[in-house]
Amino acid sequence: MTESNPQMHAIVRHDDGSLSQQQVDRPTPGPTEVLIKNAAAGINPVDWKIRANGDAFGTFDAARPMILGWDVAGEVVEVGAGVTRFEVGDRVFGMPRFPRPAEAYAEYVVAGSREVARTPAALSDIEAGALPLAVLTAWQAVVDTLHIGEGDRLLVHAASGGVGHLAAQIAKARGAEVWGTASAKNHDALRDLGVDHLIDYRTERFEEIAVDMDAVLDLVGGSEHAERSVKSLRRGGRLVVVPGGDAIPPASMLDDAGVSATWILVEPDYASLEAVAAMIEAGSLRVVVGDTRPLDRLAELHEIGETGGPMGKLVATIG
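In this report, we go over the structure that sits alongside the text. Remember, predicted model here, so these are calculated numbers, not experimental data. (Residues numbered from 1 in each chain as written. Predicted model: local features only at pLDDT ≥ 70, side-chain atom pairs only at ≥ 80, totals over all residues. Heavy atoms only, no water.)

## Considering the sheet that holds strand E13 (residues 260–263)
Whenever strands of a sheet pair, they do so through backbone hydrogen bonds, lying parallel or antiparallel.
Working step 1: Read from one edge of the open sheet, six strands run E10-E9-E8-E11-E12-E13, paired in parallel fashion. Two strands close off the open sheet at either side, each with one partner strand: strand E10 (197–200) and E13. Within the sheet, the average angular offset between the axes of one strand and its neighbour, ignoring direction, is 15°.
Working step 2: Summarising the sheet, strand E12 (residues 233–241) and E13 pair through four bridges and their orientation is parallel. Considered in E13, the bridge of Leu 239 is made with Ala 261. (Pairing = 2+ DSSP bridges. Helix = DSSP H or I, 4+ residues; strand = E, 2+ residues; numbered from the N terminus. Axes fitted to C-alpha atoms, helices over the stretch in contact; angles between N-to-C directions.)

What follows is the structure in structure tokens.
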């Protein structure tokens, strides 16, 4: 009689788009991988979009239970062959495998050792669980794609969101003048994070107020919103649209305005996580956690996120 695989709790997505907690096999790390006892998993818009609409990336295995989630924060409990970066007991955080499934809505998660970084001592597990996908998106947009630097004027749309409030701080730390769109109720909190100028998107036309921008980071999406964003840019300005390439304005519009535009899809990147960790240790970056629920109530966090929840990130606590 063979011994059964160790089990763990995980949140499984069903064909009708619902979520429930089930017992599933605990994963085993292979070469260059670590097994993480997960303490917190952040919730991101991509999670509830895939939950509602199915596998947008075509990367999930139909023969396995569909377990969503990419934000991981916890403790290394096992290391695979060849791993030199971590030892058992290290606290780590990261975004494994994206857009392939990381199965982070679970008690244990396997990650490549170069897809995670050490958690800064200043961060709780909940704060660390809130960060990875959002902060990597922010870093890869602001630093790697827009190349924001001293004196640049950057407009961040949805500045109070999970990505936006981090992107604004990263840009500010690099010497930029940061503008942001957000509902008025979040303006004071965003000023406290260093945003210089705020626009209430509910009552104001941002393209009439934020003009001659060097760059715009559009975290709202949609072709109409992106086309309005072009009007905020100076000639030679740069637009990045995160939700998807179908929102990029027509080439003729970009040529007439003398601007460039692209979109990005976030990638795992331990070096960027380490740069973020250094900012946190230096006190130049803070993550806002809007709400938390235990793993067995994770579906509630999806409902909150889909209806435009509080400022910052939503996080499921585990264990």
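Let us keep going from here.
## Notes on the nonpolar core
Working step 1: With 81 residues, the main nonpolar core has Trp 70, Val 142, Leu 154, Ile 170 and Leu 217 as its most contacted residues.
Working step 2: Broken down by element, this core gets its largest block of residues, nine residues, from helix H3 (residues 132–145).
Working step 3: Those residues within four positions of Val 142 in sequence are excluded, and the remaining contacts are His 147, Ile 148, Leu 154, Ala 167, Ile 170, Ala 171 and Leu 217.
Working step 4: Within the second largest apolar cluster, 15 residues are counted, among which are Ile 199, Phe 206, Ala 210 and Val 259. (Core = buried A, V, L, I, M, F, W, Y, C linked by side-chain atoms within 4.5 Å. Buried < 20%, exposed > 50% of the residue type's maximum accessible area, 1.4 Å probe, protein only. Contact = heavy atoms within 4.5 Å.)

## Re the packing of aromatic side chains
Working step 1: Under the criterion given, the structure shown has three aromatic pairs.
Working step 2: Measuring from ring centre to ring centre gives 6.3 Å for Phe 60 and Trp 70, while their planes differ by 75°; the resulting arrangement is edge-to-face. On the criterion of sequence distance, the pair formed by Phe 60 in the loop between helix H1 (45–53) and strand E4 (72–79) and Trp 70 in the loop between H1 and E4 is long-range, its members being 10 residues apart. Each member of the pair, Phe 60 as well as Trp 70, is classed as buried.
Working step 3: Judged by centre distance (5.0 Å) and plane angle (75°), the rings of Trp 70 and Phe 98 are edge-to-face. Within this pair, whereas Trp 70 is found in the loop between H1 and E4, its partner Phe 98 is found in the loop between strand E5 (91–94) and strand E6 (108–112), the two being separated by 28 residues in sequence.
Working step 4: The side chain of Arg 26 reaches across the aromatic face of Tyr 108, ending 4.7 Å from its centre.
Working step 5: Sitting over the ring of Tyr 270, Arg 85 keeps its end group 4.1 Å from the ring centre. (Phe/Tyr/Trp six-rings, centres within 6.5 Å; stacked < 30°, edge-to-face > 60°. Lys NZ or Arg CZ within 6 Å of the ring centre and 35° of its normal.)

## Digging into the side chain of Ser 272
Working step 1: Along the chain, Ser 272 turns up in helix H9 (residues 270–282).
Working step 2: Classification of Ser 272 as buried rests on a relative accessible area of 4%.
Working step 3: Among the polar contacts made by the side chain of Ser 272, one reaches the side chain of Asp 269 at a distance of 2.4 Å. (Polar contact = N/O pair within 3.5 Å; in protein donor to acceptor, adjacent residues only side chain to side chain.)

## Quick notes on the environment of Phe 98
Working step 1: A relative accessible area of 4% places Phe 98 in the buried class.
Working step 2: Residues Phe 98 and Gly 69 lie 29 residues apart in sequence; the distance between their C-alpha atoms is 9.5 Å.
Working step 3: Excluding its chain neighbours within four sequence positions, the residues that come into contact with Phe 98 are Val 46, Phe 57, Trp 70, Leu 133, Leu 265, Val 266 and Pro 268.

## As for unusual backbone geometry
Working step 1: A cis amide bond links Phe 98 with the next residue in sequence, Pro 99, at an omega value of 5°.
Working step 2: If you trace the backbone, Pro 99 turns up in the loop between E5 and E6.
Working step 3: One non-glycine residue, Thr 32, adopts positive backbone phi at about 70°.
Working step 4: Among the secondary structure elements, Thr 32 is positioned in the loop between strand E2 (19–25) and strand E3 (33–43).
Working step 5: Backbone geometry places Arg 97, a non-glycine residue, at a positive phi of 70°.

## Quick word on helix H10 (residues 298–306)
An α-helical turn contains 3.6 residues, so any two residues separated by three or four positions project in the same direction.
Working step 1: Looking at H10, one finds that the buried residues are Leu 298, Leu 301, His 302, Ile 304 and Gly 305. Seen along its axis, H10 keeps its buried residues to an arc of 165°; they face one direction.
Working step 2: Where the residues of H10 are buried, they touch strand E1 (7–13), E2, E3, H1, strand E14 (289–294) and strand E15 (313–317).
Working step 3: Phi turns positive, to about 75°, at Gly 308, one or two residues after H10. (Arc of directions from axis to C-beta.)

## Things to note about the environment of Ala 40
Working step 1: Its place among the elements puts Ala 40 in strand E3.
Working step 2: By relative accessible area, Ala 40 is classed as buried at 0%.
Working step 3: Excluding its chain neighbours within four sequence positions, the residues that come into contact with Ala 40 are Asp 71, Val 72, Ala 73, Asp 125, Ile 126, Gly 129, Val 315, Ala 316 and Ile 318.

## A look at the packing of H3 against helix H4 (residues 164–173)
Working step 1: Look at H3 against H4: their axes get within 8 Å of each other, and the N-to-C directions meet at 45°. Relative to H4, the element H3 is oriented oblique. Every pair of crossing elements has a handedness; the one defined by H3 and H4 is right-handed. When H3 is examined against H4, the residues Ala 134, Val 135, Ala 138, Trp 139, Val 142 and Val 143 are found in contact with a partner set consisting of Leu 166, Ala 167, Ile 170 and Ala 171.
Working step 2: The residue makeup of the contact of H3 with H4, split by class, is 10 nonpolar, no polar and no charged. (Parallel < 35°, antiparallel > 145°, perpendicular 65-115°, else oblique. Left-handed = near helix turned anticlockwise from the far one by under 90°. Nonpolar A, V, L, I, M, F, W, Y, C, P; charged D, E, K, R; others polar.)

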